Amino acid sequence: MGKKKSIVLMVLLTIVIVVLCAITVVPSFAIPGTVKIWNPVVKQYDLGADLDGGYYAYYYPTGVISETEYKNLEKEEDKASYQNHKGLYLNKDADYGIITEDGTVSKDFEENFKKVTAEITARYAAKGYSDYRISVVDDYALCIQIPSSEKTEQQTAFQNAYTTFGLFAETGALEIKKGDALVDERLEYEVDEIIKEFSVYTKYEVSYIQIKFTDVGKEMIKTYKEGGATTADSSDTTSETLNILLGDETIMEINADEHITTKNVVRYPIAMETEIGYVETMVILLNSVLENGSFDIEFNSVSNSQVRSYSAVYGENTLTLLYIALAVIVVALIVASIVKMGGFGVSSAYSTVSYLIVTAMCYAFISGGVFEVTLGSILAFLVGLVLTNVINFYVYGAIKKEFQLGKTVESSVKGGYRKTIWSVVDVYAVLALGAVALLIGGAGLHTFALQALICVVTGAFCNLLWTRVINVMLLSASKNKYKYFRFVREDDDDE
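What counts, and where the lines are drawn
- Residues numbered from 1 in each chain as written.
- Predicted model: local features only at pLDDT ≥ 70, side-chain atom pairs only at ≥ 80, totals over all residues.
- Heavy atoms only, no water.
- Core = buried A, V, L, I, M, F, W, Y, C linked by side-chain atoms within 4.5 Å.
- Buried < 20%, exposed > 50% of the residue type's maximum accessible area, 1.4 Å probe, protein only.
- Helix = DSSP H or I, 4+ residues; strand = E, 2+ residues; numbered from the N terminus.
- Contact = heavy atoms within 4.5 Å.
- Pairing = 2+ DSSP bridges.
- Axes fitted to C-alpha atoms, helices over the stretch in contact; angles between N-to-C directions.
- Phe/Tyr/Trp six-rings, centres within 6.5 Å; stacked < 30°, edge-to-face > 60°.
- Lys NZ or Arg CZ within 6 Å of the ring centre and 35° of its normal.

### Observations regarding the nonpolar core
One finds Tyr 59, Phe 165, Ile 195, Phe 198 and Met 252 to be the most contacted residues of the largest nonpolar core, which totals 62 residues. The leading source of residues in this core is helix α9 (residues 276–292), at eight residues. Not counting chain neighbours up to four residues away, the residues in contact with Phe 165 comprise Tyr 55, Tyr 56, Ala 57, Tyr 59, Tyr 124, Ile 144, Ile 146, Val 302 and Val 307. Counting 51 residues, the second-largest nonpolar core is a separate cluster that includes Leu 322, Leu 326, Leu 333 and Leu 474.

Structural data, given as structure tokens:
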């Protein structure tokens, strides 16, 4: 590569990297002359509770109350209807089915509580939280903890948390009605025989709940769309909407002309596209109920006052201190590379900054919105960053050994890369296989594995290709190849 061409390419590359670096890490600031705020890529992350705190709420089955609520009961006869169990109070009324006649907790209630706990846990896992926590409190209540950072333009993090807590506590059944009559009741079809699945659909900045029907459901929709929906009461011809109920609440009122497509698929608008997180939560709940049906246990509704916040594990300034520490590490690696390896250290510095940009953007736009960035994510990033620089030092050492054998600089570079390439490939292959193996883990482990895989792939690209490309351009533009590598040719005096 010619010297002039190398210089031009390096100038263009430097400009691109500087711009991308600014987009990635330049701190937030108000844009002059507007009311808008500039936010870098690193501000787009959904952060885990260890970095940004979160919210928690308790789920109490109907008939179960906390000690505080028990003490607030004013009437003695109301207090007498409860039986103490650890920090909870259980209603002894037979209608609740909690306490048996001999004063012990019903086995049916215990089994039902275990089943509903497992299903609620699955709902939060499907939501994609990397560090949510569901704890059983005193055997018959649940404490739910979720990160606080998920928010949209219209809703605060608190509102999102409150909505999620409320929706995922639902244990009622799905029903389909035309007017007040159950659809196909006389045919004895269950809802899961009519509806195949729910999904999210977006169009024109609107988020929809899309309903995919079974063959039986398609026939039902077709009949309904043509104006003759089959109902338990065939004389009901006044209602124009097909209603879907979850528990006692109607969540969709489907109009044949507005909501049913030509392929007999229902697309029901729920919110703007910016509120897609809420729609995703609703779809998770609907699919959960569709697959598992209702439960005999109902939970008391979660009010605003019952949703509490908690701080980041390491304090309110955790994120700021973390960014400072990361900046110090990046600068230290760059300086150390240049001091130790000269021009090749500059190539390594470009590689380091490129690794920072690529991983930061992948964290934001590949796993962002689905997975949170946690301390585990930062650890994966740091390991990849340090490994990238260590391998560059390793390659430099191999190049130096080749040079000391009396080879030219160009030949030393080729020999150094040739002798190290398979060792580098082996390292990244093992790490990539390890990350892929972890993908089969639970929600938190799956998230870490995906983000670790991003770091491994980016590091491999930087070490195996990118650093080498930059090195070729810098070396081509260099006047003194020895000085570029900080090599000194030592001549032996033979007498």
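Read on, since the account is not over.
### Considering the sheet that holds strand β11 (residues 195–203)
Strand order in the open sheet made by the three strands is β11-β12-β15, with antiparallel pairing throughout. Strand pairing shows two members of the sheet lacking a second neighbour, β11 and β15 (266–272), which therefore form its edges. Pairs of neighbouring strands in the sheet enclose a mean axial angle of 25°, with direction left out of account. Where strand β12 (residues 206–213) lies against β15, six bridges are found, and the strand directions are antiparallel. Its bridge partner lying in β15, Ile 209 is registered against Tyr 268. The strands that helix α7 (residues 215–225) touches are β12 and β15; relative to β12, the one it contacts most, it runs at about 115°. Sheet strands in contact with α9 are β11, β12 and β15, and its direction is about 175° off that of β11.

### Some remarks on the packing of aromatic side chains
For the coordinates displayed, the defined rule picks out 20 aromatic pairs. Ring geometry for Tyr 59 against Phe 299: centres 5.4 Å apart, planes inclined by 45°, an arrangement best described as tilted. You can see Tyr 59 sitting in strand β3 (residues 54–59) and its partner Phe 299 sitting in the loop between α9 and β16 (308–310), a full 240 residues away along the chain. Of the two residues, Tyr 59 and Phe 299, neither departs from the other in class, the shared state being buried. A network of ring pairs unites the aromatic residues Phe 344, Tyr 396, Phe 403, Tyr 482, Tyr 484, Phe 485 and Phe 487 as a single cluster. Positioned above the aromatic ring of Tyr 201, the side-chain terminus of Arg 267 is 3.9 Å from the ring centre.

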